[in-house]
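Residue strings, one per chain:
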Amino acid sequence: MEERTIRLDLCSSRKEKPKTQQLEFGRVFTDHMFIMDYSDELGWNDPRIVPYQPLSIDPSAMVFHYGQSVFEGLKAYLTPNGEAQLFRPEKNFHRLNRSNSRLCIPPIDEEFAIKAIQQLVALEKDWIPDAEGTSLYIRPFIISTEPYLGVAPSRHYKFIIILSPVGAYYKEGINPIKIAVENQYVRAVTGGTGEAKTGGNYASSLKAQESVAGKGFAQVLWLDGVERKYVEEVGSMNVFFKINGEVVTPALNGSILEGVTRNSVIQLLNHWNVPIVERKISMEEVYQAHQDGVLEEAFGAGTAAVVSPIGQLTWNDESLIINDAKTGNVAKKLYDTLTGIQYGRVDDPFNWVVKVEENCEMGLRASV
Ligand SMILES: *Cc1c(COP(=O)(O)O)cnc(C)c1O
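Residues numbered from 1 in each chain as written. Predicted model: local features only at pLDDT ≥ 70, side-chain atom pairs only at ≥ 80, totals over all residues. Heavy atoms only, no water.

## Let's talk about unusual backbone geometry
- The phi torsion at Arg-88 lies on the positive side, around 50°, for a residue other than glycine.
- Topologically, Arg-88 is positioned in the loop between strand S7 (84-87) and helix H2 (89-102).
- A residue is classified by how much of its surface remains accessible, and Arg-88, at 6% relative accessible area, is buried.
- Not every positive phi belongs to a glycine, and Val-306 is a case in point at roughly 70°. (Helix = DSSP H or I, 4+ residues; strand = E, 2+ residues; numbered from the N terminus. Buried < 20%, exposed > 50% of the residue type's maximum accessible area, 1.4 Å probe, protein only.)

Here you go:
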């Protein structure tokens, strides 16, 4: 463990910030970014905050050819008294290291990464929008940069964190979505990379998404890659069903991505004494529950939407309307509680929130 300083190279002028109404997802980036390099000889080195700018990377860099990369997604929120805070960032960096391990990328120091985020967010605090439901999206990612076309783990990497102010996911209140069950394509299989947050999983999901988008569906419901029988995820969210008073979510099986929101939903339901089980659940069972009139709610859960109710589920040629295509009570209560905690409006009984230190100097020194 050596003491490391995050080097600062600040912009001479600041960009104009977008107006709240114009905020989209992931199109505008703040003035600065964090970068750290890795080489076999030096390990992770030279952490720095520099002006947001294009990278100069060799065309033969391995990431362009074989996709050895991982990413994370979390947000900074502004509280009613103007403080910036993060939601369970340690979970994201723990997961980043699990993704790293799967992709043969050297691990990062999780505590140091949180320090880096704190310092970057503190510096860019004016970029956190304050309107209802808005936030500053944080995108940490690692790319393999060794210029080499051989198929092997890269010996050079860059760990980068960029920030993007984002608008409210629900601009006109929570809106239940239409979902098509995907029978042809699969997202992941056990033993593959489904548990890792890696770009390739997203690249291979585009086709299914595109094929249903034209038919009015927001996303697909992914089934398992072997039997096409068991429910796995919805779009890029984890999925929950409330059947006859009990909430069911697919058990982690090696192909499902373990969401921070999923984990938080499970903890909250337990806290409220709402029955929640993690187990295999087949599409046939979901269908039968609907036929029997006991499929009470279905919803996705992830950082972007927090909770996304499913109003219609189309399987083959049949469309199941769930809870009259309205947001269910459990989904609503989870949404209100999770966003309440994230924005510092309600108690945080689990100590999930991490305040962003206002004093930048503090974050300047951290060990790597
Ligand atoms: C990121 C992601 C999720 C949601 O994870 P959160 O930590 O809750 O944002 C779910 N499924 C997939 C495939 C993902 O990539």
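## Let's talk about the environment of Ala-301
- Within the secondary structure layout, Ala-301 lies in strand S16 (residues 295-302).
- Owing to a relative accessible area of 2%, Ala-301 belongs among the buried residues under this scheme.
- Counting along the chain gives 40 residues from Ala-301 to Thr-261, while the straight-line C-alpha distance between them is 5.9 Å.
- Setting aside residues no more than four positions away along its own chain, Ala-301 makes contact with Met-237, Asn-238, Phe-240, Thr-261, Val-265 and Val-306. (Contact = heavy atoms within 4.5 Å.)

## As for H2
- Spanning 14 residues, H2 covers 20 Å between terminal C-alpha atoms, matching the ideal 20 Å at 1.5 Å per step.
- Of the positions making up H2, those classed as buried are Pro-89, Asn-92, Phe-93, Arg-95, Leu-96, Asn-97, Ser-99 and Asn-100.
- Looking at the residues trailing H2, positive phi occurs at Cys-104, about 60°. (Expected span 1.5 Å × (residues − 1).)

## Regarding the pairing of strand S14 (residues 246-249)
- Both strand S13 (residues 237-243) and S14 contribute to a ladder of three bridges, which runs antiparallel. Directly across from Phe-241, in S14, lies its bridge partner Val-248.
- The turn linking S13 back onto S14 is made up of two residues, and Asn-244 within it adopts a positive phi angle of 50°.
- Of the pairings in the sheet, the one linking S14 to strand S15 (residues 276-278) comprises three bridges and is parallel in character. (Pairing = 2+ DSSP bridges.)

## Section: the packing of helix H6 (residues 260-271) against helix H8 (residues 329-342)
- Between H6 and H8, the shortest axis-to-axis distance is 11 Å and the interhelical angle comes to 110°. In terms of axis orientation, H6 runs roughly perpendicular to H8. Residue-level inspection shows Thr-261, Ser-264, Val-265, Leu-268 and Leu-269 of H6 in contact with H8, the latter providing Val-330, Leu-334, Thr-337 and Leu-338.
- Among the residues forming the contact of H6 with H8, the class breakdown is six nonpolar, three polar and no charged. (Axes fitted to C-alpha atoms, helices over the stretch in contact; angles between N-to-C directions. Parallel < 35°, antiparallel > 145°, perpendicular 65-115°, else oblique. Nonpolar A, V, L, I, M, F, W, Y, C, P; charged D, E, K, R; others polar.)

## Topic: H8
- Compared with an ideal rise of 1.5 Å per residue, which puts 14 residues at 20 Å, H8 spans 20 Å between its outermost C-alpha atoms and is within 8% of the ideal.
- Of all 14 residues in H8, 10 are buried, a share of seventy percent or more.
- Residues of H8 that are buried: Val-330, Ala-331, Leu-334, Tyr-335, Thr-337, Leu-338, Thr-339, Gly-340, Ile-341 and Gln-342.
- Two residues or fewer past H8, Gly-344 is found with a positive phi of approximately 70°.

## Thoughts on the site of the ligand
- Around the ligand there are 14 residues in total, and Lys-197, Tyr-202, Glu-233, Thr-261 and Thr-303 lie nearest to it.
- Tyr-202 places a polar side-chain atom, nitrogen or oxygen, 2.6 Å from an oxygen atom of the ligand.
- Val-260 has a polar backbone atom sitting 2.8 Å from an oxygen atom of the ligand.
- Contributions of two or more residues to the shell around the ligand are made by S13 and H6.
- Taken together, the residues that form the shell around the ligand break down as four nonpolar, six polar and four charged. (Near = heavy atom within 4 Å. Polar contact = N/O pair within 3.5 Å; in protein donor to acceptor, adjacent residues only side chain to side chain.)

## Topic: the packing of H2 against helix H3 (residues 110-123)
- Contact geometry for H2 and H3: axes closest at 9 Å, N-to-C directions at 130°. Classified by the interaxial angle, the pair formed by H2 and H3 is oblique. The way H2 lies across H3 gives a crossing that is right-handed. On H3, the residues touching Pro-89, Glu-90, Phe-93, His-94 and Asn-97 of H2 are Glu-110, Ala-113, Ile-114 and Ile-117. (Left-handed = near helix turned anticlockwise from the far one by under 90°.)

## A look at the domain arrangement of the protein chain
- Taken as a whole, the protein chain is organised into domain 1 (7-171 + 351-366) and domain 2 (177-326).
- In this structure, domain 1 and domain 2 have C-alpha centres spaced 28 Å apart.
- Between domain 1 and domain 2, the residue contacts involve 20 residues of the former and 22 residues of the latter.
- Buried surface at the junction of domain 1 and domain 2, summed over both partners, amounts to about 1,700 Å²; 55% is from carbon and sulfur atoms.
- Our count for the domain 1 to domain 2 interface comes out at one salt bridge.
- Between Glu-258 and Arg-98 there is a salt bridge; the shortest N-O distance is 3.0 Å.
- Contributing elements (two or more residues each) for the side of domain 1 that touches domain 2: strand S5 (69-71), strand S6 (74-78) and H2. (Domains from an automatic or database assignment. Buried area = accessible area lost by both parts, 1.4 Å probe. Salt bridge = Lys/Arg side-chain N within 4 Å of Asp/Glu carboxyl O.)

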